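# Structural overview for review
Here is how the chains run, residue by residue.
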Amino acid sequence: MKLIHANIYGFGKWEDFQIDFSSSSLTVISGENETGKSTIRQFILFMLFGMPPKKREFFRPKKGGTIGGRLTVWTPDKGEWTIERVHDRRNGEAIINFPDGSSQGEGFLKGQLKGMTTSTYQSIFSYSSLDLRSLYMAKEEDIGNVLLAVGLTGSDKVRAIEKKLDTEASSYFKPQGKNPVINKQLKQLQELDSKFKTIQEEEETYLDRKEKEETLTMEIRDIQQSIQEIKKKRVAVDKHIQALPLLHHSNLVQNKLKQYHNDLMHFPTNGIERYHKWKQQLIPLQSEYNVLQDNAATYKKRMETLRSLLMDEETVKRVNDCLKGKEGYEQARQSFASLKKEIQEIELEIQYDLDQMQIGLSIDDLSHLSLPFDLEDKWHQLKTQMDEITAEKNLVDQEYNELVDEKRQQLEDKEQLEKQMTDAAVYQQAKEKLVTDEQRKANQAVLQFQNFQKTHWSEMENKRKQQSKFLFGTFFVLTIVSVVSAVMWNQPAFYIGASIFAIIGGISTYFFKRSIQAVRAIFNDFSNNPLQQQQHLDSQELERTKDIVATFERQQERVEKLQDRINQLSIAMSKLEERRAFYIQKETKLTNRIQQQIQVLPFLDKINVHAWPKVFHYVRNCMQKNKTILQKKEKQMELKQHIGAFEQSLARLLQDLGKTYKFPEESIQQIEQMEASHRNNQSLFEQNERLYQECTQNMRKLIQRMKPYTDEIGVLLIAAGVKTEEAYLKMGKEQDERKQLQNKKEELFNQLHAILSEQELSILLSDEKQEKTETELQMEIEAYDNEIADHETDLDRKRQQLAEYKSVLKRMENENYSTIRHHFHQEKEKLNNQVKKWAVIQAAKELLHETKVAFQNKHVPMVFERTSHYFSVLTSEAYKEVYPPSKDEPIIVESKSGLRFTVDELSQGTADQLYVSLRIGFSEAMSQTHSLPFLIDDAFVHFDDKRGERMFYLLKEMSKRQQVIYFTCSQHEVLSQESGKVHLLR
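Owing to the predicted nature of the structure, the values given are computational and were not obtained by experimental measurement. (Residues numbered from 1 in each chain as written. Predicted model: local features only at pLDDT ≥ 70, side-chain atom pairs only at ≥ 80, totals over all residues. Heavy atoms only, no water.)

## Quick look at the overall build of the protein
What the protein contains, in helices and strands, is 24 helices and 14 strands. Within the protein, the fraction of its 986 residues that count as buried is 34%. (Helix = DSSP H or I, 4+ residues; strand = E, 2+ residues; numbered from the N terminus. Buried < 20%, exposed > 50% of the residue type's maximum accessible area, 1.4 Å probe, protein only.)

Below, the structure written as C-alpha cells:
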C-alpha cells in the first residue's frame, strides 16, 4: 500500500490542509516544534485504523469545525482508492470511494490491512524518538510477542485465548483463594463431614420428638376453635353498638312523617323546580321590557330638540365646498412662502460658490453660459494625459539614472575580477590532469568487471560441460534401449526412436561445445588486450587540481555574466532616450489643445488644468441652481392667483350667512365651527332615531318571548288547586320536606342492613335488646378481647414449640446417615472432575506457550539477521552481529574486534541506531505480508552528521521497496538529503 494524497478537513491545528505523497517514495515533512508534524502522523493513523470517540475529541480544531479528512492510497490489486473518515458520521467509520463511483465500508479497509491493528502497526511501521528508549528494557518475550502479533493471522485471538485460559485456571483453583471452584468444593466437603457426625447423635431422640409434635398440634387446634367462637360473639356485640344511633334516628323520622296530611299528593311532580325554572327565564325578560320602554320615551324627546338646530341642505353644500378648498388654500400659502425662502437661499449658495471659485463669473453670466455634454470628458482627458506624460517623463529619467549608476558599477567589478583571475595556462594544465585521472578510473572499473566476468564464465563453462555430458549420456542410454527393444520385439518404431534420440543427443552436444568455445574466445580477446595501468593522482593533489579548475571556471563565468549585463544596460539606456523624446512630443500637442479650450471659455485662463474637472462641476452646479430659481418664480405666480380666488369666495359666503369677513384665518375658523356644530347635531339626531326604532322593535319581540313562560306558570297553579303564586310556593315547600324525610328513612334502613342481617335487625328492634346501653355493650367487648388475648398468647407459645420440633424432625428425616454419605461421595466425585478440568487448562496453557516459543525461534533469527546487516551499515561495520535477548539477558551486540556489549553499555547515538536497525528488520520481515508505509517521527535527533547521512542512505534504499515518510524538525536533515519530496511546515 502506498499513500498518494492527504486532505485534512480538520484535525488538531490543521484545517483545509493538503499533502501530496505521490512524487516520491521517500517523503520528508519538516517543521519547527509545535508546527503539527506529529498531528499529521496521528491523522494518517486515524485514516487507516480509526480512533475512539474520546481520543478523536482531543484533535477537534480550536476554532471548531469537522474532525476528519480523506486519504488517497494505491494498492497493486485495486489501484487508486480513497479513505474518508468524519468524526460525527457513522461513528467515525471509514467509507472507501473508488474512481468508478462505487464505495465500500470499514470491512474492505480491514481486509486490505490484513488484520493489522493500530498497536501492531505502530510497533513495526511507525516510531518516534520516544520509542527508542524502550530498547533498553526489551526482553525475549517482548520481541516474540511483536513477531507473533504481526506474523500470525489471528494473533489477537491467540492472546485472547491465552488470557482466557489464565482466567479459567484462576477461577478453578488458587493456593490461597476462597472463591475459586475447587477451593469452595474442598470447604463444602469439610462441612458435610462435620454435619454427618452431628446427625448420628440426634437420630436416637426422634420418636419422643414425634409424639410431642402430635400433642401440640391437637392443643393448637382446640385453642383456635375457642378463639373463633369468642370472636363471633364479639362481632355481634360490636354490630349492636354501631346500630344504636341509626335506630334512634329512624324512630325520630317516622314520628315527623306522621304529622303531614295526604293533600300534598296532588301537588305537581317537581312543581317547585318547574316554577322556578319558568320564573327565572321570565324575570330578565320583564326587566328588559321595562328598560326599553323608558329608553324609547327619552330618544323621542331628544330627536325633536335636535331637528330645530340643523341648517338647510343648500347652506350645508356651500359650507362644505368652502372647507374643501381650505386645504389647497393653506398649502398654496405655505408653498408661496417656502418658494420665496428657497429662491433666496439658492441665490446665496450660487453667490458663495462663485466667490469661492474666484473665476470672474456673476449670477447674470450663468444665464448666458453653455457647457456641452462632452466637455467634462474632454477636461478629464486633458488632466489625465498631462498626469501620465509627467509621470512617464519622471519615471524615464529615474530609470535612466539608475542604469547609468549600475553600468558604472558593473564596469568596475569586471575590471577588478579580470585582475584576480587565475592564469589560463595553469587552468589548462589542471584540466588535462583531471581528464587523465578519470580515464584511469574508468579503465580500472572495466578491468574489475572483466575479472568478475571471467570468473563467472569459468563457473558457467564447468556447469555447461557437466550438462553436456549428462545430456549426451541420457540420449545415449535412450538410443541403446530403443535399439535393444527393436531387436527384442522387432518393431520398426523403436529404430526410428533410436535414430531421433541419437540425432538430438549429437546436435545438443555439438551446440553446447560451440557455445563454450565462443565464450572462451571472448575471454581470450580480453587476455590478449590488457588495459594499460596508469599512474593516478593522490587525494591531496587531486583536490588541489579540482580546486584550480573550479575556481577558474567560476571566475570566467562571472566575467561573462558581467559583460552580458553591461551590454543589456547599454541597450536599455538607448531605449529610454527614445521614450523621453516621444513624451516631449506628446506634451507639445497637449498644450495646443489646452489653449483651444481657453479661447472658448476665457475664465479658464486663470485656472490650472488639474482643477478644470472640479471647476466644471462647480460651474454646472451653479447653472443648475440658477435654472431652478427661474422655475420656482413661475410657480410663485400661479400660487398667488389661486390664493386671491379663494379669499373672494370666502368673503361672499360669510356675507350670505350674516357674518362679517375679517382675516382669512378667522373667517375659515368661523365656517369650520358652524360646519362642526351642524355635523354633530345631525349625528346625534340620526343616532337617537336609530336607537328609538331599535327599542320599539325589541319591545315587540320581548312580548312574544314572555308569553310561553306565563302560560306554563298558569298551568302549574291550576294543577296545585291554588290561585296565587305565594300559596303555590308554600305548598311546594311542605312537599319537599316530606320527601326528604322519606328519603332519610330509606337511607337509615339501608345503613342498618349494611351492618346487620334481617334476623339480627329484628332482634335489635325488640324491647328486650333495646334495654342495654352502649356502656354495657362496651364492657362485654372488653371481656371478649381479654379472653381472646389469653388464648392467642397460649397459641403463639405452643406454635413456637411445634415449629422447633418440626424443624428438628424435618432435618432428622431429610439428613440421615446414608443421605449425607451419598452426598459426600457425590461432592467428592465433583471435586475430581473439577481437578481434571483444571489439569486440562494447565496443559493447554503449556502447549500454547510451547507453540509461541516455537514460532519465535523460527522467525526471530531471520529478524536479527536483517538487523545485524543494517546495524553494520549504519555503524560503518564497527559492529558485525546483533544477538536476540534471552530469558535473563537483554539484546547483545558484537563489535568488529569480537567484544560484546549490552544496550545500556552503548552510546545514545549507537543505541538509537540499533533500535532503528531492529525496526527496519521487523518491517522487512513483514513487508511480504503487510506492505504498508513506514512512518518515522524525529527518531534521529541523537545522530551526528555521518550517522545521519548513512541513515538517509538507508532510508532511500528502503524507499525503493517500501514507502517512507519522515517527520523532522532539523533543517540540516532536510538540506542534506538528496532526494524525496520535502514539505516545510510553518
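## As for helix α1 (residues 37–49)
For the α-helix, the turn length of 3.6 residues means that residues three or four positions removed from each other point alike. When the terminal C-alpha atoms of α1 are compared, their 19 Å separation across 13 residues agrees well with the 18 Å that a helix rising 1.5 Å per residue should span. Most of α1 sits out of view: 12 of its 13 residues are buried. Residue G50 follows α1 closely and has a positive phi angle near 80°. (Expected span 1.5 Å × (residues − 1).)

## Looking at the nonpolar core
F11, F21, I44, W81, I83, I96 and I965 are the most contacted members of the largest nonpolar core, which has 36 residues in total. Contributions of two or more residues to this core are made by β1 (2–11), β2 (14–20), α1, β4 (68–75), β5 (79–86), α3 (106–113) and β13 (964–968). It is α1 that contributes the most residues to this core, 8 residues altogether. Once residues lying within four places of it in the same chain are set aside, the contact partners of F11 are T39, Q42, F43, F46, M51, F59, P61 and I67. The next biggest cluster of nonpolar side chains, apart from the first, holds 29 residues, and it includes I346, M357, I594 and C622. (Core = buried A, V, L, I, M, F, W, Y, C linked by side-chain atoms within 4.5 Å. Contact = heavy atoms within 4.5 Å.)

## What to know about the packing of aromatic side chains
Tallied over the entire structure, the rule returns 11 aromatic pairs. Ring geometry for F11 against F46: centres 5.6 Å apart, planes inclined by 20°, an arrangement best described as stacked. Highlighted residues: F11 in strand β1 and F46 in helix α1, separated in sequence by 35 residues. For F11, a relative accessible area of 0% gives the class buried. An angle of 45° between the planes, with centres 6.5 Å apart, marks the rings of W81 and F98 as tilted. Of the two residues, W81 is situated in strand β5 and F98 in the loop between β6 (95–97) and β7 (103–104); the sequence distance between them amounts to 17 residues. The exposure class assigned to F98 is buried, which follows from its relative accessible area of 16%. For K13, the ring lying beneath its charged end belongs to W14, and the centroid distance is 5.3 Å. (Phe/Tyr/Trp six-rings, centres within 6.5 Å; stacked < 30°, edge-to-face > 60°. Lys NZ or Arg CZ within 6 Å of the ring centre and 35° of its normal.)

## Section: the side chain of N688
Mapped onto the fold, N688 is located in helix α17 (residues 664–720). Exposure remark for N688: the relative accessible area of 5% places this residue in the buried category. When near neighbours in sequence (up to four residues on either side) are disregarded, N688 contacts Y299, R302, M303 and L306.

## Observations regarding the UniProt feature "coiled-coil region" (unreviewed entry) in the protein
Within this structure's numbering, the places UniProt gives as "coiled-coil region" (unreviewed entry) are residues 182–233, 289–349, 386–424, 552–586 and 731–815. The span residues 552–586 shows a helical share of 100% and a strand share of 0%, and its end C-alpha atoms are spaced 52 Å apart. (UniProt positions renumbered as here; feature names shortened; annotations may be inferred.)

## Looking at the sheet that holds strand β11 (residues 900–902)
Strand order in the open sheet formed by 3 strands is β9-β10-β11, with antiparallel pairing between adjacent strands. Either end of the sheet is taken by a strand with one partner, and the two such strands are β9 (879–883) and β11. On average, each strand axis in the sheet is tilted by 25° relative to the strand beside it, whichever way the strands run. For β9 and strand β10 (residues 892–895), the ladder comprises 4 bridges, and the chain directions are antiparallel. (Pairing = 2+ DSSP bridges. Axes fitted to C-alpha atoms, helices over the stretch in contact; angles between N-to-C directions.)

## Thoughts on the UniProt feature "transmembrane region" (unreviewed entry) in the protein
Mapped onto the present numbering, the UniProt feature "transmembrane region" (unreviewed entry) falls on residues 470–488 and 494–512. Structurally, residues 470–488 is divided into 100% helix and 0% strand, and its ends, taken at the C-alpha atoms, are 27 Å apart.

## Some thoughts on the environment of R900
Mapped onto the elements of the fold, R900 is located in strand β11. Along the backbone, R900 and Y883 are 17 residues apart, and their C-alpha atoms lie at a distance of 9.7 Å. Every residue in contact with R900, bar those within four places of it in the chain, is listed here: Y883, I892, V893, E894 and E905. A polar side-chain atom of R900 sits 3.2 Å from a polar atom in the side chain of Y883. (Polar contact = N/O pair within 3.5 Å; in protein donor to acceptor, adjacent residues only side chain to side chain.)

## Observations concerning a nonpolar patch on the surface
Residues F472, F476, V477, I480, V481, V484, M488, W489 and F494 make up a contiguous nonpolar surface patch of roughly 900 Å² in combined accessible area. Per element, the largest residue contribution to the nonpolar patch is 8 residues, and it comes from helix α13 (residues 424–489). Accessibility expressed as a relative area gives 40% for V484, which makes it partly exposed. (Patch = residues over 30% accessible without salt bridge, like charges linked within 9 Å, V, L, I, M, F, W, Y side chains within 5 Å. Areas by Shrake-Rupley, 256 points an atom, 1.4 Å probe, with all protein chains shown as cover. Salt bridge = Lys/Arg side-chain N within 4 Å of Asp/Glu carboxyl O.)

## A closer look at the sheet that holds β4
Whenever strands of a sheet pair, they do so through backbone hydrogen bonds, lying parallel or antiparallel. If you trace the 6 strands from one edge of the open sheet to the other, you get β2-β1-β4-β5-β6-β7, paired in antiparallel fashion. Strands with a single pairing partner mark the edges of an open sheet, and in this sheet they are β2 and β7. In this sheet, β6 lies alongside β5 in antiparallel orientation, the contact comprising 3 bridges. If you follow I83 over to β6, its bridge partner there is I96.

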